[in-house]
Amino acid sequence: MKWTEFFTSSVGKKLVMALTGLFLISFLVVHVGLNSCIFNDLEWFDPNDNGRMFNKAAHFMGSSVVIRIMEIGLFVGILIHAIQAYVLYVQNTSKRKIGYKVKMGTKGSTWYSKSMTLLGTLLLLFLIMHISHFWVPSRVTGTLDPVQYGDTHTHDLFARMVAVFQNPWIVALYVAGCISLGWHLLHGFQATFRTLGVSNKKYLVMANSAGLIFSILVPVLFALMPISIYLGWIG
Amino acid sequence: MEHYIMNLTLKVWKQKNPASNGKFETYQVKNISSEMSLLEMFDVLNEQLISEGNDPIAFDHDCREGICGACSMYVNGRPHGPWHGTTTCQLHMRAFKDGDTIVVEPWRANAFPVIKDLVVDRTAFDRIIQAGGYISVNTGNAVDGNTIPIEKEKADKAFAAAACIGCGACVAACKNSSALLFVAAKVSHLALLPQGDPERRTRVLSMVAQMDKEGFGSCTFTQACEAVCPKEISVTNISRLNAEYIAGGLGSDKDYGHQ
């Protein structure tokens, strides 16, 4: 079987979704871990941090060639995942030209497993806003204020976060984005492992449980960032 | 359960032939016993239609004991009706109350075109089986069933997969009209057994290629198929098919003619 055939059959297309999905999940781990450095500014830890830990971590992410290459891979991953999803959506919905009078609805399946395209579209819209808020000024236009920690010259991404999250509507949109992410992951995480061939029940239980924890923990941590800044706990 | 008699309103899809546009017809049926099966209720209605000189409703049925996979009605928004793990022929009228309206539709999928009324063409499934859902056996005496030892756990899983009767409810329920639960049941059934092992890699690739040619969609793991399957085939079989596909696809040089 040729590689093109392997990845373009109905099963192969789902493998592409699963592999890119897994890659994006691994990115989320890095992203949420790194951004959680802003919580060091909380009363409990170091109120004088003022984003020092986060800015230094962000500087590290911007200064390494390996990570800059990974960044290109990330954009490619998102594009493949999104384009393939829309291709599959169009192809799959065309397989039933005449529909049912009485719809099955969510009998036997969850609403979010049937709404992955909708949730993904919301995430894509969120990403456009998110990238224009942070990635563009940080990496493209370079309009952020400079900041210096010892010998490290970098830009104050933390100050940008604090500025952006003063607007309650932006905060609400970020929280909505996190909720979409949670539902998207709740189906996507475990389905990825099924698509990659995990049929052993004990591993499926692990995938389901890890998926549940991941889909709650990661979006909650992300959502806490704009909320904490807006409420003045951070910044 | 106590026996009762009911009068019902039926809304049934009527379509003269594959080329014509169908529409829903409304029928009133009276004095239906709660002990009847849904198909027996249709028999009563058809007798009535024939005696009135009207065209009876065409529907598929054969064994009427839930093992052949011929019956195929989509009843009130669910393949095989409201009862879990039950074929249409085993759905009894005690599932309904006096005065209910029952909407009956054919399986809907481009790969299952309507032949007439509630009868759809499911030969796509036959062609998927022909593509590889078998084991090649040399001629000669039949091998004694117990010659090859099979571990109990695998035998049980293979048996559970082999329970698939190929009715097509999985396709009818799937939002993508995917046939993967059916194909996965057949692939798993044979891949788990030593007799099916020599051809397992090519089998899965050939069957998936044929499934794609027939115009079924892909699997999104909503698990609606498992919920409506009258034989309760598990979606873990689809995971197994995926594993077989990956192993087969990565190892094989043969061209399977995917479109």
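Our subject in this report is the structure included herewith.

1. Some points on the overall build of chain B
Reasoning step 1: Helices and strands together make up the secondary structure of chain B, namely eight helices and seven strands.
Reasoning step 2: With the C-alpha coordinates aligned to their principal axes, the bounding extent of chain B is approximately 60 × 40 × 40 Å.
Reasoning step 3: Within chain B, buried positions represent 54% of all 259 residues.
Reasoning step 4: Put simply, 69% of the contacts in chain B that link residues at least 6 apart link residues at least 24 apart.
Reasoning step 5: Approximately 11300 Å² of chain B is accessible, and the part contributed by carbon and sulfur atoms is 49%.
Reasoning step 6: Taking the average place of the 25 positive charges on the side chains of chain B and the average place of its 30 negative ones, the gap between the two points comes to 4 Å.

2. Remarks on a nonpolar patch on the surface
Reasoning step 1: A cluster of nonpolar residues, A:L212, A:I216, A:V220, A:L224, A:Y230, A:L231 and A:W233, forms a patch on the protein surface that exposes about 660 Å² of accessible area.
Reasoning step 2: As for its position among the elements, A:L224 is in helix 8 (residues 201-230).

3. Quick word on the nonpolar core
Reasoning step 1: By size, the foremost hydrophobic cluster in this structure holds 53 residues, and its most contacted members are B:F216, B:I238, B:L241 and B:Y245.
Reasoning step 2: No other element matches the seven residues that helix 5 (residues 180-191) of chain B contributes to this core.
Reasoning step 3: Here this core spans two domains, and each of domain 1 (5-115) and domain 2 (123-251) of chain B adds at least three residues to it.
Reasoning step 4: Leaving out residues up to four positions away in the same chain, B:Y245 has contacts with A:M1, A:E5, A:F6, A:S9, A:V11, A:G12, A:L15, B:V204, B:L205, B:V208 and B:L250.
Reasoning step 5: Counting 36 residues, the second largest nonpolar core, distinct from the first, contains A:I25, A:L181, A:F222 and A:M225.

4. Points about the interface of chain A and chain B
Reasoning step 1: Listed by partner, the interface residues are 40 residues for chain A and 56 residues for chain B.
Reasoning step 2: The contact between chain A and chain B buries some 3900 Å² in all, and 55% of this surface belongs to carbon and sulfur atoms.
Reasoning step 3: When the area that chain A buries against chain B is broken down by residue, the three leading residues are A:M1, A:K95 and A:Y100, summing to 18%.
Reasoning step 4: The interface formed by chain A and chain B contains zero salt bridges.
Reasoning step 5: Our count for the contact surface shared by chain A and chain B stands at 26 residue pairs in polar contact (both at pLDDT 80 or more).
Reasoning step 6: Broken down by secondary-structure element, the contributors of at least two residues to the side of chain A that touches chain B are helix 1 (3-8), helix 2 (10-35), helix 4 (65-93) and helix 7 (168-195) of chain A.

Rules and cut-offs
All residue numbers here refer to positions counted from 1 along the written sequence of the relevant chain. For this description, chains carry letters from A and ligands carry numbers from 1, given in the order in which they are written. Totals for whole chains, interfaces and linings use all residues, but because this is a predicted model, local features are given only for residues with pLDDT of at least 70 and pairs of side-chain atoms are given and counted only at 80 or more. As a rule here, side-chain values come from all non-hydrogen atoms in the structure, and water together with hydrogens is ignored. Secondary structure counts use DSSP, requiring at least four H or I residues in a row for a helix and at least two E residues in a row for a strand, with both numbered from the N terminus. Partly exposed residues are those whose accessible area sits between 20% and 50% of the maximum for their type, while under 20% is buried and over 50% is exposed, using a 1.4 Å probe and protein chains only. Here, two residues are considered to be in contact whenever any of their heavy atoms come within 4.5 Å of each other. In these tables, accessible area is a Shrake-Rupley quantity obtained with a 1.4 Å probe, and a residue counts as shielded only by the protein chains included in the view. When charges are counted, Lys and Arg contribute as positive and Asp and Glu as negative, whereas His and the chain ends are disregarded. To locate a charge, take NZ of a lysine, CZ of an arginine, CG of an aspartate or CD of a glutamate. Patches draw on residues past 30% relative accessible area with no salt bridge. Two like charges within 9 Å are joined, as are two nonpolar side chains (Val, Leu, Ile, Met, Phe, Trp, Tyr) within 5 Å. Any Lys or Arg side-chain nitrogen located within 4 Å of an Asp or Glu carboxyl oxygen qualifies as a salt bridge. Within this scheme, the nonpolar core is defined by two criteria: the residues are buried Ala, Val, Leu, Ile, Met, Phe, Trp, Tyr or Cys, and they are joined through side-chain atoms within 4.5 Å. An automatic or database domain assignment supplies the start and end points of every domain. Summed over both partners, the accessible area (1.4 Å probe) lost when two parts come together is defined as the buried area. Pairs of N or O atoms within 3.5 Å make up the polar contacts considered here, provided that, within protein, one atom can donate a hydrogen while the other can accept it, and that residues adjacent in sequence are counted only when both atoms are side-chain atoms.

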